[in-house]
Amino acid sequence: MFRRSIVLLSIAASAASAAFVPAIAVADEHIQRAVETRQGLLKVVGFYMGPIVGMAREQIPYDADRIKANAERIAELAPMIPDVFRSDTRGSDVPTEALDKIWDNSADFADKAATVAARAADLAAATANGKGATMQAFGAMGGACKACHDDYRQQE
Ligand code: HEC
């Protein structure tokens, strides 16, 4: 009788954990995907930014058409940043550089993304006005990236 109730207890326990574990796993998978998606978007932003950084450092030849095309891409991508940060992933163990206060300051976070989009459009336009104007506009856009990173991205 004693033995039997132990067996029943352990069956009940494993049934309970079988129901519980997948629920946690689904939540983790959801968070993992949300983090990968937002990091993926920012990697794409970085992909378009990289060549312009290379030109600013004179590591690759200046190419106004490429800066214009890449800046236009960044202007399209930046408004997606608040979208991909909509999932509040605070408290998860998934590695991220996103600071918790993003989700306490969503409006400011979205404003900072909108500023990058506006500066990227300015940069695309500035490519018509020569290298000096272009590099000045690029500095302004980079400053707008940094403004968000300073507040909302973990510093290295
Ligand atoms: C509105 C806020 C915001 C703006 C604007 C912003 N970033 Fe970020 N960026 C972040 C946050 C937050 C992270 C960390 C994301 C994470 O680890 O989950 C990040 C991460 C990155 C990463 C690393 C991605 C990875 O995981 O490999 C790159 C590259 C990057 N940003 C480039 C840029 C560039 C370039 C700009 C401007 C054109 C920019 N960001 C504008 C908030 C922003």
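Note that the structure is a prediction, hence the values are computed from the model and not measured. (Residues numbered from 1 in each chain as written. Predicted model: local features only at pLDDT ≥ 70, side-chain atom pairs only at ≥ 80, totals over all residues. Heavy atoms only, no water.)

Draft legend 1. Region of interest: the side chain of Lys112. Tracing the backbone shows Lys112 in helix 4 (residues 106-126). Of note is the side chain of Lys112, whose polar atom sits 3.4 Å from the side chain of Asp151. When near neighbours in sequence (up to four residues on either side) are disregarded, Lys112 contacts Ala147, Cys148, Asp151 and Tyr152. (Helix = DSSP H or I, 4+ residues; strand = E, 2+ residues; numbered from the N terminus. Polar contact = N/O pair within 3.5 Å; in protein donor to acceptor, adjacent residues only side chain to side chain. Contact = heavy atoms within 4.5 Å.)

Draft legend 2. Seen up close, the coordination of the iron atom of the ligand. For the iron atom of the ligand, the protein contributes exactly one donor atom, His149 (NE2), at 2.0 Å. Following the sequence through the fold, His149 ends up in helix 5 (residues 131-152). (Donors = N, O, S within 2.8 Å, 3.2 Å for Na, K, Ca; no water.)

Draft legend 3. A look at the pattern of salt bridges. A full pass over the atoms with the stated rule returns 12 salt bridges. The shortest N-O distance in the salt bridge between Asp151 and Lys112 comes to 3.4 Å. With Asp151 in helix 5 and Lys112 in helix 4, this residue pair connects regions lying 39 residues apart in the sequence. On the basis of relative accessibility, which here comes to 27%, the residue Asp151 falls in the partly exposed class. For Lys112, a relative accessible area of 17% translates into the label buried. Linking Asp122 and Arg119 is a salt bridge whose minimum nitrogen-to-oxygen distance equals 3.8 Å. Here Asp122 and its partner Arg119 are both found in helix 4, 3 residues apart, which amounts to about one turn of the helix. Assessed through its relative accessible area of 32%, Arg119 is described here as partly exposed. The network of salt bridges with common partners includes Asp88, Arg90 and Asp104. (Salt bridge = Lys/Arg side-chain N within 4 Å of Asp/Glu carboxyl O. Buried < 20%, exposed > 50% of the residue type's maximum accessible area, 1.4 Å probe, protein only.)

Draft legend 4. Broad picture of the confidence of the model for the chain. The predicted model of the chain averages 90 in pLDDT, with 85% of residues at 70 or higher. Looking at the elements of the chain, mean pLDDT is at its lowest for helix 1 (residues 2-56), recorded as 78, and at its highest for helix 2 (residues 64-77), recorded as 99. (pLDDT = per-residue confidence, 0-100.)

Draft legend 5. Focus on the site of the ligand. Looking at the ligand, there are 22 residues lining it, with Thr96, Glu97, Cys145, Cys148 and His149 nearest. At 2.9 Å, a side-chain N or O of Gln39 approaches an oxygen atom of the ligand. Separating an oxygen atom of the ligand from a backbone N or O atom of Glu97 is a distance of 2.8 Å. For the ligand, the cavity whose grid points lie within 2 Å of the majority of its atoms is the largest pocket. The set of elements that each furnish at least two residues to the shell around the ligand consists of helix 1, helix 4 and helix 5. Tallying contributions element by element places helix 1 first for the shell around the ligand, with 6 residues. Looking at the shell around the ligand residue by residue, the classes come out as 14 nonpolar, 3 polar and 5 charged. (Near = heavy atom within 4 Å. 1 Å grid on protein atoms, 1.4 Å probe; cavity = no way out; pocket = protein on both sides within 12 Å on 5 of 7 lines; lining within 4 Å. Sits in = over half its atoms within 2 Å of the grid points. Nonpolar A, V, L, I, M, F, W, Y, C, P; charged D, E, K, R; others polar.)

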